[in-house]
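A look at the structure
Next come the chains, spelled out residue by residue.
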Amino acid sequence: MSQLPSSPSRRAALRGLAVAAGAVVIGFDPVGRSWAVAATSSDTVAGDGLVGLPHLDGTLLTDDASLAADADDFGHIVHRRPVAVLRPGSVADVVAMVRFCGAHGLKTAPRGQGHGAYGQAQVEGGLVIETAPLAEIGAVGPRSRTVTVGAGAKWSDVTKAALAHGLTPPVFTDYLELSVGGTLSVGGLGGQSHHHGAQVDNVTELRVVTGAGELVRCSPTRHRELFHAVLAGLGQCAVIVGATIRLLPAPTTVRHYLLPYDDLNTFLADQRLLVTDGRFGYVEGQVVADANGAFRSYLLEAVSYDAHPDDARLLAGLHHNPTGVQTADLAYYDFLDRLAPAVAALKAAGLWAYAHPWLNLLIPGDKAASVAGGILDALTPADLGPGVVLLYPLLRERLHTPLLRTGDDPVPYLLAVLRTTPPDDTATVQRLLAANRTAYEAVRAAGGTQYPVGAIPFDRADWRTHFGSAWPALAAAKRHYDPRGVLVPGQGIF
Ligand SMILES: Cc1cc2nc3c(=O)[nH]c(=O)nc-3n(C[C@H](O)[C@H](O)[C@H](O)COP(=O)(O)OP(=O)(O)OC[C@H]3O[C@@H](n4cnc5c(N)ncnc54)[C@H](O)[C@@H]3O)c2cc1C
């Protein structure tokens, strides 16, 4: 970083440039790969050898706190330090800085809420684009039943805006404080997916900035190949800056059921029955440790959106234990936001800052009992920590996004081992990463794959296997839309 002599013309050109922590980024040194920062914009300017910045409506940050924050994520396992952070004041800022990165060989990645577990939104020596300022929520269209939002909007805010009009997005992640761009880049799975697919299956249009720095609208009918390269595309071809999301009429209250099981096969069979006949609006499930620490107790979680739920009809033909059934009537939003109290407690106890070597797998339904059973047999309460294990089925016929890979089975099961472990115990973290890899390999051998939000060591060859028949289209789109390969290196795909 340097301070350079003043010149009036340069000073004028720099007006409106990025400001951070009392300093002004006045240019980029392409040789030293560093930014020139001045104390104020009025007395210091870029000089020879420095490349000036484009005009920005927002801020470009190079202070330690900003760089350190974006060299971390929810996983607290990987730490890659960027050289700058963009807090865009407009979509034009994203265009300008993606072009700038392309011109100067800098890598860049958008970051929504930073809830990836394994450095997915981090960029060593590059630029992080924080999308949080791009959080506008457009008018909710009662007739079109859509809403157009900025990529940085959180699902909690999008949902509240839609509910004010009696409407709701169709599918939710279990936690609502994730960004729209962040979940659309991975898929967005939830208990409603057996009816409505993933969140990516409920997008009617995207606004994106490609790796070449072009602002493009795409949809199933317009720049279709770009649309399909971006949804669940792990940020490889474009930065999502806006999305139009389909909405449905919202229930006001729902009835929530927790049904206990002590046999894995019975649990899986009942879940399969429920997602196939569709009697509930939402179906998930958890695996919990029994008194001996063995993960052999199961809770089927199902929610009826019916205005007048009929318990006898809804529970007919199920084989859960007769005792221990719990039901509760909840306001719809309280159901969607049901994790909020638990998250607040984890934060208060300091556990949100623990490492999260999460394992997220998609297992073919016909092998779910043996493969998930094997992984669960190897799991100990100590290796899960204060996390949870989710296990629930999806319906492949509802999943239409080519890059959301689930394997070929018509009823893939999501197994999510949400491990939580002290971040300074690196030996344990490394051991759990190795265990994740072993579990992934068992799932891959069975024809499944990972759901790429967790922490599984993966190399380029693994990614080719992961994308399978979709790989040639993704590789071609990458060459076309991100010809300089600047976007999202943290996934390690290209
Ligand atoms: C507590 C918790 C609960 C979760 N529950 C679920 C769940 O129920 N279902 C589910 O499917 N997932 C779930 N997830 C996983 C979550 O959906 C992903 O980790 C998601 O990517 C996080 O969103 P984010 O805004 O934090 O993204 P980030 O972590 O900021 O980014 C994730 C990846 O997406 C890219 N990206 C971010 N924004 C954009 C953009 N605008 N354009 C292009 N690429 C972008 C980043 O570069 C990065 O590669 C959960 C995660 C947590 C921490």
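This section reports on the structure supplied with the text. Predicted, not measured: the structure shown is a model, and the values here were computed from it.

1. Focus on the site of the ligand
In the vicinity of the ligand there are 34 residues, among which Pro-110, Gly-112, Ser-179, Ser-185 and Tyr-451 approach most closely. Note that an oxygen atom of the ligand is positioned 2.8 Å from one of the backbone N or O atoms of Gly-116. Interatomic distance of 2.7 Å between a backbone N/O atom of Leu-189 and a nitrogen atom of the ligand. Within the complex, the protein chains bury 95% of what would otherwise be the 960 Å² of accessible surface of the ligand. Breaking the shell around the ligand down by element, the ones donating at least two residues are strand S6 (108-111), helix H5 (180-184) and strand S12 (238-246).

2. Looking at the environment of Ala-135
The residue Ala-135 is located in the loop between strand S7 (127-130) and strand S8 (146-150) in this model. Separated by 18 residues in sequence, Ala-135 and Ala-153 place their C-alpha atoms 4.0 Å apart. Excluding residues within four positions of it along the chain, Ala-135 makes contact with Gly-152 and Ala-153.

3. Some remarks on empty space enclosed by the protein
Per the counting criterion, the structure on display carries two cavities of 30 Å³ or more. Looking at the largest cavity, its volume works out to about 40 Å³. The wall of the largest cavity is formed by Trp-155, Pro-169, Pro-170, Val-171, Gln-199, Asn-202, Val-203 and Ile-245. Of the residues in the lining of the largest cavity, the class split is six nonpolar, two polar and no charged. Computed from the structure, the second largest cavity encloses a volume of approximately 30 Å³. Forming the walls of the second largest cavity are Val-186, Ala-232, Leu-234, Leu-403, Leu-404, Arg-405, Pro-452, His-466 and Phe-467. Classifying every residue of the lining of the second largest cavity gives seven nonpolar, one polar and one charged.

4. Thoughts on the nonpolar core
In terms of nonpolar packing, the biggest core is built from 91 residues, with Leu-184, Leu-189 and Leu-206 touching the most fellow members. Taken domain by domain, the makeup of this core includes at least three residues from each of domain 2 (146-249) and domain 3 (253-458). Leave out the neighbours within four places in its chain, and Leu-184 touches Trp-155, Gln-199, Val-200, Val-203, Leu-206, Val-230, Leu-231, Ala-232, Ile-240 and Ala-243. Ranked by size, the runner-up nonpolar core spans 33 residues in total, among them Leu-86, Ala-109, Leu-127 and Val-488.

5. Some remarks on the sheet that holds strand S10 (residues 203-210)
Taken together, the four strands give an open sheet; going across it, the order is S8-S12-S10-S11, and neighbouring strands pair in antiparallel fashion. Each of the sheet's edge strands pairs with one partner strand only, and the pair in question is S8 and strand S11 (215-218). Neighbour-to-neighbour, the strand axes of this sheet turn through a mean angle of 20 degrees, independent of strand direction. In terms of strand pairing, S10 meets S11 through four bridges, oriented antiparallel. Counterpart to Val-209 in the pairing with S11 is Leu-215.

Calculation criteria
Residues numbered from 1 in each chain as written. Predicted model: local features only at pLDDT ≥ 70, side-chain atom pairs only at ≥ 80, totals over all residues. Heavy atoms only, no water. Near = heavy atom within 4 Å. Polar contact = N/O pair within 3.5 Å; in protein donor to acceptor, adjacent residues only side chain to side chain. Areas by Shrake-Rupley, 256 points an atom, 1.4 Å probe, with all protein chains shown as cover. Helix = DSSP H or I, 4+ residues; strand = E, 2+ residues; numbered from the N terminus. Contact = heavy atoms within 4.5 Å. 1 Å grid on protein atoms, 1.4 Å probe; cavity = no way out; pocket = protein on both sides within 12 Å on 5 of 7 lines; lining within 4 Å. Points joined across faces, edges and corners; volume = space filled by probe spheres on them. Nonpolar A, V, L, I, M, F, W, Y, C, P; charged D, E, K, R; others polar. Core = buried A, V, L, I, M, F, W, Y, C linked by side-chain atoms within 4.5 Å. Buried < 20%, exposed > 50% of the residue type's maximum accessible area, 1.4 Å probe, protein only. Domains from an automatic or database assignment. Pairing = 2+ DSSP bridges. Axes fitted to C-alpha atoms, helices over the stretch in contact; angles between N-to-C directions.

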